Amino acid sequence: GDLSNLDLLDCAKNHLTELPLTIVCCRSLSQLVLKYNKLTEIPLRIGDLKRLCRLNLSGNKLVSLPESITQCSLLSDLVISENRLSAVPVHLLQKLSQITTFSISRNEFTTVPSSSPDCYQNIQVLNLQGNKIRIIPHGIFKKAPKLIKLNLSNMALQMLPFDLETWSGLVELNLSNNSLTSLPDDIGHLTELETLCLSFNSIESLPVTIGGLTKVRVLDVESNNLKSIPMEIEYLSLLERLNLKDNQLATLPPEIGYLSSLWDLNISENNLRTLPNEIGELRSLQRLNLASNTFLNMLPVEIIRCFLLNYLNLEHCPLYDIPAHVVQGGPQGVLIYLKEIGPYFNRDMMVEFEEDDELVL
């Protein structure tokens, strides 16, 4: 039949090993989805698809892209993740200046495609995850004001460039699963950030400039080497989820009490010996995970003021300063006990658990 007016072609997950050359006759195609097949190449004349706006080739076995792809000048979304690519055609990003989403994750790149900052002027979403890139070139994103989502996770990064302030438009930054030991002070200039993922690195401390991230809602620092949290965390008033699991924290700063929007706090697998009394100021807190803090013998009585708390995990916490029979009664029994030893609290001020609330001890 005549497919010259076909606008969308979705051939995902069809075990395709090759494409018919006639596909380039579908001159009206604006969206072509070929993800999760077994393609080793695509037609050399792919550039004949002049109206193509979105091309998804992820999950194939491609080792190269034809030069003619640079003729698809209307491309806005190019997803070539999960292939065997180590390079793209020279000047790809210069010629495809309309691209806003560019994903090359889980390939074999060792350098960032194109070292020219001009190539990233219109990029909004860039995913480099899971490549073998060790260095992000200095100045690479200094002309990328529209870049809002950047994924640099699962690479081999040991440090970040010193011009991090030029990434100032970012809303989401993923740096997890690298080899970072520190963060530059310039991180505080990323004032539009809402999500910052730093998990599974070797970061020993957070810079005090972290307080500049006043719009951040999710901060994930799981599995690092943090021994303390800077008091400047108090300025993250919009923070909703804070993951500090698997670090070396012995306590938290009193300023934690200023996190008025925080509803999910994970401090499990640390070296906590105590919690600040200010924990009771977290009136939005719904989930608190303290599991596997093997030095934690007591909880502050103020914790009962977290009225919305419906998940409390105390598993593998000794709590030796609380009577054994109380501990055996579970988290609700522990909270009742704390209420009773805190004479300046009354029952109306205490958190109440529903039958379906999750309590772990």
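Cut-off values and rules
- Starting from 1, residues in each chain are numbered consecutively following that chain's sequence as written.
- Note on the predicted model: pLDDT of at least 70 is required for a residue's local features to be given, and 80 or more for side-chain atom pairs to be given and counted; whole-chain, interface and lining totals, by contrast, use all residues.
- Hydrogens and water molecules were not included; the side-chain quantities draw on all heavy atoms of the structure.
- Numbered from the N terminus, helices here are DSSP runs of H or I no shorter than four residues, and strands are runs of E no shorter than two.
- Per-residue accessibility, obtained with a 1.4 Å probe over protein chains only, is compared with the maximum for each type, and a residue is labelled buried under 20%, exposed over 50%, and partly exposed between these values.
- It only takes one pair of heavy atoms within 4.5 Å for two residues to be counted as in contact.
- Note on areas: Shrake-Rupley with a 1.4 Å probe; residue coverage comes only from the protein chains shown.
- Charge counting treats Lys and Arg as positive and Asp and Glu as negative, with His and both chain ends excluded.
- We put the charge of a Lys on NZ, of an Arg on CZ, of an Asp on CG and of a Glu on CD.
- Here, a salt bridge means any side-chain nitrogen of Lys or Arg that lies within 4 Å of a carboxyl oxygen of Asp or Glu.
- Pairing of N or O atoms within 3.5 Å defines a polar contact, subject to two protein rules: one partner must be a possible hydrogen donor and the other a possible acceptor, and residues neighboring in sequence count only if both atoms are side-chain atoms.
- What counts as a ring pair is set by centres within 6.5 Å for rings of Phe, Tyr and Trp (its six-membered ring), and what kind of pair is set by the plane angle: stacked under 30 degrees, edge-to-face over 60, tilted for all other angles.
- Placement of a charge over a ring requires the Lys NZ or Arg CZ to be within 6 Å of the ring centre, with the centre-to-atom vector within 35 degrees of the ring normal.
- When two cysteine sulfur atoms lie within 2.5 Å, the pair is treated as a disulfide.

**Student:** I tried to follow the overall build of the protein on my own but got confused; where do I start?
**Tutor:** Counting its regular elements, the protein contains three helices and 15 strands. A principal-axis box enclosing the C-alpha atoms of the protein has dimensions of 80 × 45 × 30 Å. Relative to its full complement of 361 residues, the protein shows a buried share of 52%. Contacts in the protein between residues far apart in sequence, at least 24 positions, make up 34% of those at least 6 positions apart. Entry remark: accessible area of the protein is about 16,600 Å², with carbon and sulfur atoms responsible for 48%. Side chains of the protein carry 29 positive and 41 negative charges; the gap between the two charge centres is 10 Å.

**Student:** I keep staring at unusual backbone geometry and nothing clicks. Help me out?
**Tutor:** Glycine aside, residues mostly have negative phi, and peptide bonds are mostly found in the trans state. Even without a glycine there, the phi angle at Asn177 is positive, about 60°. A positive phi angle is found at Ser292, which is not glycine, with a value near 60°. As for its position among the elements, Ser292 is in the loop between strand 13 (287–289) and strand 14 (311–313).

**Student:** Explanation requested: the pattern of salt bridges in the structure shown.
**Tutor:** Opposite charge on two side chains makes pairing possible when the charged atoms of those side chains draw close. For the coordinates displayed, the defined rule picks out 10 salt bridges. When the shortest N-O distance is used, the salt bridge between Lys143 and Asp118 registers 3.0 Å. One end of the pair, Lys143, is in the loop between strand 6 (125–127) and strand 7 (149–151); the other, Asp118, is in the loop between strand 5 (101–103) and strand 6, with 25 residues separating them in the sequence. As a salt-bridge pair, Arg305 and Glu281 come within 3.5 Å of each other at their nearest N and O atoms. Of this pair, Arg305 sits in the loop between strand 13 and strand 14 while Glu281 sits in the loop between strand 12 (264–266) and strand 13, placing them 24 residues apart in sequence.

**Student:** Please clarify how the side chain of Asn243 should be interpreted in this entry.
**Tutor:** In this fold, Asn243 is placed in strand 11 (residues 241–243). From its side chain, Asn243 meets the backbone nitrogen of Lys245 in a polar contact 3.1 Å long. In this view, Asn243 contacts Leu219, Asp220, Val221, Glu222 and Asn266; residues no more than four positions away in its chain are not counted.

**Student:** In this structure, what is going on with the side chain of Asn60? I would like to understand it.
**Tutor:** Tracing the backbone shows Asn60 in the loop between strand 3 (54–56) and strand 4 (77–79). Relative accessible area serves as the criterion here: at 6%, Asn60 is assigned to the buried category. Of note is the side chain of Asn60, whose polar atom sits 3.4 Å from the backbone oxygen of Ser58. Those residues in contact with Asn60 that sit more than four places away from it in its chain are Leu34, Lys35, Tyr36, Asn37, Lys38, Leu39, Glu82 and Asn83.

**Student:** Before we go on, may I ask you to explain the packing of aromatic side chains in this structure?
**Tutor:** Two aromatic rings are characterised by how far apart their centres lie and by the angle between their planes. Under the definition given, this model contains two aromatic pairs. Centroid distance Tyr120 to Phe141: 5.4 Å. Interplanar angle 90°. Geometry classified as edge-to-face. Remark: Phe141 occurs in the loop between strand 6 and strand 7 and Tyr120 occurs in the loop between strand 5 and strand 6; sequence separation between them is 21 residues. Exposure class is identical for Tyr120 and Phe141. Each is buried. Ring centres of Phe141 and Trp167 lie 5.4 Å apart, and the angle between their planes is 75°; this geometry places the pair in the edge-to-face category. Taken together, the residues Phe141 in the loop between strand 6 and strand 7 and Trp167 in the loop between strand 7 and strand 8 (172–174) connect sequence positions 26 residues apart. Each member of the pair, Phe141 as well as Trp167, carries the same accessibility label: buried. Aromatic ring contacts, followed pair by pair, group Tyr120, Phe141 and Trp167 into a single cluster. Across from the ring centre of Phe295, 4.4 Å away, lies the NZ or CZ of Arg273, which sits over that ring. The ring of Tyr311 is capped by Arg287, whose NZ or CZ atom sits 4.1 Å from the centre of that ring.

**Student:** What's the story with the environment of Gly188 in this structure? I'm lost.
**Tutor:** Relative to the elements of secondary structure, Gly188 occurs in the loop between strand 8 and strand 9 (195–197). According to the relative accessible area criterion, Gly188 is buried, its value standing at 13%. With 26 residues separating them in the primary sequence, Gly188 and Thr214 have C-alpha atoms 9.1 Å apart. Every residue in contact with Gly188, bar those within four places of it in the chain, is listed here: Thr209, Gly212 and Leu213.

**Student:** Teacher, can you tell me more about the environment of Lys339 here?
**Tutor:** Within the secondary structure, Lys339 sits in helix 3 (residues 331–341). Measuring from C-alpha to C-alpha, the distance between Lys339 and Leu147 comes to 50 Å, with 192 residues separating the pair along the chain.

**Student:** Where do I start with the state of the cysteines in this structure?
**Tutor:** Linking two cysteines covalently through their sulfur atoms gives a disulfide. With the rule as written, the count across this model stands at zero disulfides. The thiol of Cys317 is not disulfide-bonded; the next cysteine sulfur, from Cys306, is found 16 Å away. A residue is classified by how much of its surface remains accessible, and Cys317, at 7% relative accessible area, is buried.

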